[in-house]
Amino acid sequence: MDRRSFVAALSAAPFAACIDARALLDRPGLQLYTVRDAMAEDVDRTLSALAEIGYREVELAGTYGMTPAQMRTRLDAAGLRAVSGHVDLADVRGEWQRTLDGAAELGHELVVVPWLPEEARSVEAIRAVADEFNRAGEAAARMGLRLGYHNHEFEFVTADGGVPMSFLLDETDPALVHWQMDIFWTVHAGEDPHAWLDRYSGRVTSVHIKDRTPDGSMVDVGDGVIDFATILSAAEAQGLRHGFVEHDNPGEPITSVRRSFEYLMTGVSP
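Residues numbered from 1 in each chain as written. Predicted model: local features only at pLDDT ≥ 70, side-chain atom pairs only at ≥ 80, totals over all residues. Heavy atoms only, no water.

1. Here's the deal with the nonpolar core
Alright, step 1. With 74 residues, the main nonpolar core has Leu-50 and Phe-133 as its most contacted residues.
Alright, step 2. For this core, the leading source of residues is helix 7 (residues 123-142), giving 8 residues.
Alright, step 3. Sequence-distant contacts of Leu-50, defined by excluding residues within four places in its chain, comprise Leu-30, Leu-32, Val-35, Tyr-55, Leu-80, Ile-254 and Val-257. (Core = buried A, V, L, I, M, F, W, Y, C linked by side-chain atoms within 4.5 Å. Buried < 20%, exposed > 50% of the residue type's maximum accessible area, 1.4 Å probe, protein only. Helix = DSSP H or I, 4+ residues; strand = E, 2+ residues; numbered from the N terminus. Contact = heavy atoms within 4.5 Å.)

2. Quick word on unusual backbone geometry
Alright, step 1. The phi dihedral of Tyr-64 is positive, around 55°, even though this residue is not glycine.
Alright, step 2. Mapped onto the elements, Tyr-64 comes out in the loop between strand 2 (57-60) and helix 4 (68-78).
Alright, step 3. Positive phi is not limited to glycine here, since Asp-160 has a value of about 55°.
Alright, step 4. Relative to the elements of secondary structure, Asp-160 occurs in the loop between strand 5 (146-150) and helix 8 (164-170).

3. What about the packing of aromatic side chains?
Alright, step 1. By the definition in use, this model includes 7 aromatic pairs.
Alright, step 2. These aromatic residues form a ring-pair network of at least three members: Phe-156, Trp-179, Trp-196 and Tyr-200.
Alright, step 3. Residue placement shows Arg-36 over the ring face of Tyr-33; its charged tip is 3.8 Å from the ring centre.
Alright, step 4. For Arg-121, the ring lying beneath its charged end belongs to Phe-154, and the centroid distance is 3.6 Å. (Phe/Tyr/Trp six-rings, centres within 6.5 Å; stacked < 30°, edge-to-face > 60°. Lys NZ or Arg CZ within 6 Å of the ring centre and 35° of its normal.)

4. Remarks on helix 12 (residues 253-266)
Alright, step 1. An ideal rise of 1.5 Å per residue puts 20 Å on 14 residues; helix 12 measures up with 20 Å between its terminal C-alpha atoms.
Alright, step 2. Buried residues of helix 12: Pro-253, Ile-254, Ser-256, Val-257, Ser-260, Phe-261, Tyr-263, Leu-264 and Met-265, and no others. (Expected span 1.5 Å × (residues − 1).)

5. Brief notes about the pairing of strand 5
Alright, step 1. Of all 5 residues in strand 5, 4 are buried; the element is thus mostly enclosed.
Alright, step 2. The pairing of strand 4 (residues 110-113) with strand 5 spans 4 bridges and is classified as parallel. When the bridges of strand 5 are listed, Val-112 appears paired with Gly-148.
Alright, step 3. Read as a crossover between parallel neighbours, the route from strand 4 over helix 7 to strand 5 is right-handed.
Alright, step 4. Pairing between strand 5 and strand 6 (residues 177-182): 4 bridges, direction parallel. The partner of Tyr-149 across the bridge, within strand 6, is Trp-179. (Pairing = 2+ DSSP bridges. Right-handed = clockwise from strand over helix to strand, strands pointing away.)

6. Thoughts on the sheet that holds strand 4
Alright, step 1. Overall, parallel pairing links the 8 strands, which are arranged 1-2-3-4-5-6-7-10 in a closed barrel. Across the sheet, the mean angle from the axis of one strand to that of its neighbour is 30°, orientation sign disregarded. (Axes fitted to C-alpha atoms, helices over the stretch in contact; angles between N-to-C directions.)

7. Regarding the pairing of strand 6
Alright, step 1. Within strand 6, 6 of the 6 residues are buried, leaving the element largely enclosed by the surrounding structure.
Alright, step 2. Residues Val-177, Trp-179 and Met-181 of strand 6 are buried on one face, and the alternating residues His-178, Gln-180 and Asp-182, pointing to the opposite face, are buried as well.
Alright, step 3. This β-α-β element, strand 5 to helix 8 to strand 6, shows right-handed connectivity.
Alright, step 4. Sheet topology places strand 6 next to strand 7 (residues 204-209); 4 bridges connect them, and they run parallel. Its bridge partner being in strand 7, Asp-182 is matched across the sheet by His-208.

Right under this line is the structure:
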């Protein structure tokens, strides 16, 4: 099935079936980018609200001006574990050991690069990035950490006779560089997550769980058409360890992450 046909099939599909994610993951985590405005206003209150909803794992997108030790203290007080964190490509190219030390202090298992700047998206540039990722992944592995890469849509746009996501995965060591599949962006690009999971079995050790309507809008989990039941089940069978709820621009952040969590845990969209 080509991209156009896949998107057409998705748009014609009924809304996602209710699921019980407890059979797929112990419980979903949350990417804190979703609640960035609330975090900027009051870190402690926001973290406490997330714990009250039922989240136990989070993924960081910055530490809001705090040191790793200070952020770890706040997380511990709320009963949350930051099992993953996003870092820039510049961090990989800069004081990488310092970044890894901070990740270890925060309690991370994963350190994920979420974006490539435009100048790093050509095939030649991606091959160079792959070499950097291999070296950075080796350093991370020595500390018991996993290096990952998080996709958006552009990695699936054919360039220079190939697909950038394939080049990146093919040129990196599967034991050193993992893939954090953003399910929304993979589907939005017209790709079938199952095909990629099968092709790169074992590479997807974490995912971003965010939903999509037939017209391409991002919505709370359960309000769209993505079939998380089959995707998460397939991913878990191939090594998935963590799933993080995310919404790039929610209307009311805490309400949004509560609705997504309750849908995934009960199979009923509130």
